[in-house]
Each structure stands twice: as C-alpha cells, then as structure tokens.
Amino acid sequence: MSTKAERTTAYIIETVAPIFNKLGYVGTSMSDLTEATGLTKGAIYGNFENKDSLALAAFEYNSKKLLSEIDDKLNSSGTSLEKLFVLTNFYRHYDTFIEELGGCPIINIGIDANHNNSQLLAATRETIKTIEGKIALCLENGLNNNELRLPVTPLQFSKQLFTMIQGAVAMATITGDRKYLLNTVTYLDQLIVREIKK
C-alpha cells in the first residue's frame, strides 16, 4: 500500500502530465499546475525539487503509457507480420489514444525541449530509440523465423517506418486533418506487404 505522500506525488504527475504535454515546458506556468491540481505551490514543490523534475516525471508518465501500449501491440499473438499490422492499426487510431495524454509526447515534448531543456530532450530521444528498438526486434524475429525479408537491417527499416509514422502524426496534429495519419498508415501497410512479406 502506498503512503499519502506517494499518492500525492502520483496524483500530481497524472494531473499535470497532459498540461506539460499540451503547453510545453516553458508555456506551463505554476498557476496552470496549482489550478489543475488544486494544490498550493508549496505542496507541489514539497513533492518535486523544481519545475524540471516535475516536467521530467510528467514526460516519463506519458512515455510509459505509450511504451506500454506499443509493448501490448508487439507482444500480441501471431507472426511478426501480423504484429506489425497490429502496430500500424494502433497508429491508425493514435490521435484518439493521445487525447488523454495531451497530444503526442514525442512530438510535443521533443520539439518544445529541443532548445530549452536538455534533460527532457534526452528523455524524448531515449523514448524514440526504445520504440525503434522494439520494432526492430519484431522485424529481427520475423527474419529469424523466415517470415519476412528486409532490404536493409531491421533497425534501419524500423527507423524509417517510425519516421514516417511520426511525420504523419506531426502533420495530422498541425493541420487538424487525420487523413495524413490514415493515408500514411495505409501506405505503410502496403509497403510492408510489398517490401518485406515473404
């Protein structure tokens, strides 16, 4: 059972994670945080050393939710090819998944932190590498099981796949048009069948 302090810390993180994700590190004010949590500045900073540590905890919270969902998809039953289609289907509906997170944590925090918070930027880059690694492992398993053929290394294919997905997420977010996401995922499904299916 968790202590009251641990529950308070968890409550703060869960409450402010979408705010940091929507408004960014610089754009999130202390009044945004106190208003959302109903806590005083002192109560918030009694649980976190400073705004940096709170922002990092908020990003890590959203990142863990995303990574958990990706693990779910890539650990589903079936062949590696089927798992890739489960993953692309997740991204077909990604805009719905990220609503409660306040948007895509990789794009929102990665871009926001690029010029003003090296710690958040490093955490975002680590999340990207983790996702690319998970996809590459699925591809490598497909190669080892003679289910797939790849024109490049699994990691290189994974990076290209994830780059196209994230580009589509960015365009759908910026334009407010989910067709960017839908069309890109449909194209990726065709690319997977054409390029790597045995």
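Residues numbered from 1 in each chain as written. Predicted model: local features only at pLDDT ≥ 70, side-chain atom pairs only at ≥ 80, totals over all residues. Heavy atoms only, no water.

The chain is annotated in an unreviewed UniProt entry as TetR family transcriptional regulator of Arenibacter algicola.

(A) Region of the structure containing the nonpolar core. Counting residues in each nonpolar core, the largest one holds 35 residues, and the members touching the most others are Y91, Y94 and I135. For this core, the secondary-structure elements that each account for two or more residues are α4 (51–74), α5 (80–92), α7 (105–113), α8 (118–144), α9 (154–175) and α10 (179–195). No other element matches α9, which puts eight residues into this core. The contact partners of Y91, leaving out residues within four places of it in the chain, are L66, I70, F162, I165, Q166, L181 and V185. In this structure, I13, L56, A58 and I109 belong to the second largest nonpolar core, which totals 22 residues. (Core = buried A, V, L, I, M, F, W, Y, C linked by side-chain atoms within 4.5 Å. Buried < 20%, exposed > 50% of the residue type's maximum accessible area, 1.4 Å probe, protein only. Helix = DSSP H or I, 4+ residues; strand = E, 2+ residues; numbered from the N terminus. Contact = heavy atoms within 4.5 Å.)

(B) Representation of the packing of α9 against α10 in the model. Direction vectors running N to C along α9 and α10 enclose 160 degrees, while the axes themselves pass 8 Å from each other. By the criterion of interaxial angle, the relationship of α9 to α10 is roughly antiparallel. Crossing handedness for the pair α9 and α10: right-handed. Across the interface between the two elements, F157, L161, M164, I165, A168, V169, M171, A172 and T175 of α9 pack against Y180, L181, T184, Y187, L188, L191 and I192 of α10. Taken together, the residues that form the contact of α9 with α10 break down as 14 nonpolar, two polar and no charged. (Axes fitted to C-alpha atoms, helices over the stretch in contact; angles between N-to-C directions. Parallel < 35°, antiparallel > 145°, perpendicular 65-115°, else oblique. Left-handed = near helix turned anticlockwise from the far one by under 90°. Nonpolar A, V, L, I, M, F, W, Y, C, P; charged D, E, K, R; others polar.)

(C) Just α4, in detail. With 24 residues, α4 extends 34 Å between its outermost C-alpha atoms, agreeing within 8% with the 34 Å of an ideal straight helix rising 1.5 Å per residue. For α4, the N-terminal cap is N50; the gap from its side-chain oxygen to the backbone nitrogen of D52 is 3.1 Å. (Expected span 1.5 Å × (residues − 1). Polar contact = N/O pair within 3.5 Å; in protein donor to acceptor, adjacent residues only side chain to side chain.)

(D) Representation of α8 in the model. If you check α8, its first and last C-alpha atoms are 38 Å apart, about what 27 residues at 1.5 Å a residue would give, namely 39 Å. All of the buried residues along α8 are L120, L121, A123, T124, T127, I131, E132, I135, A136, C138, L139 and G142. Of the surrounding secondary structure, the elements contacted by the buried residues of α8 are α1 (4–27), α4, α5, α7 and α9. Capping of α8 at its N-terminal end is provided by N117; its side-chain oxygen lies 3.2 Å from the backbone amide nitrogen of Q119. Of the residues flanking the end of α8, it is N146, one or two places downstream, whose phi is positive at about 60 degrees.

(E) Layout of the packing of aromatic side chains. In total, this model carries six aromatic pairs according to the counting rule given. Aromatic side chains F90 and Y91 sit 5.0 Å apart centroid to centroid with 65 degrees between the ring planes, which places their arrangement in the edge-to-face category. Put simply, the rings of F90, Y91, Y94, F97 and F162 touch in pairs and so form one group of aromatic residues. Sitting over the ring of Y25, K51 keeps its end group 4.7 Å from the ring centre. (Phe/Tyr/Trp six-rings, centres within 6.5 Å; stacked < 30°, edge-to-face > 60°. Lys NZ or Arg CZ within 6 Å of the ring centre and 35° of its normal.)

(F) How the structure looks around the packing of α1 against helix α2 (residues 30–37). Packing of α1 against α2 leaves a shortest axis separation of 10 Å and a crossing angle of 150 degrees. In terms of their interaxial angle, α1 and α2 are classed as roughly antiparallel. The hand of the α1/α2 crossing is right-handed. Listed contacts from α2 to Y11, I12, T15, V16, I19, F20, L23 and G27 of α1 are D32, L33, A36 and T37. When its residues are assigned to classes, the contact of α1 with α2 shows eight nonpolar, three polar and one charged.

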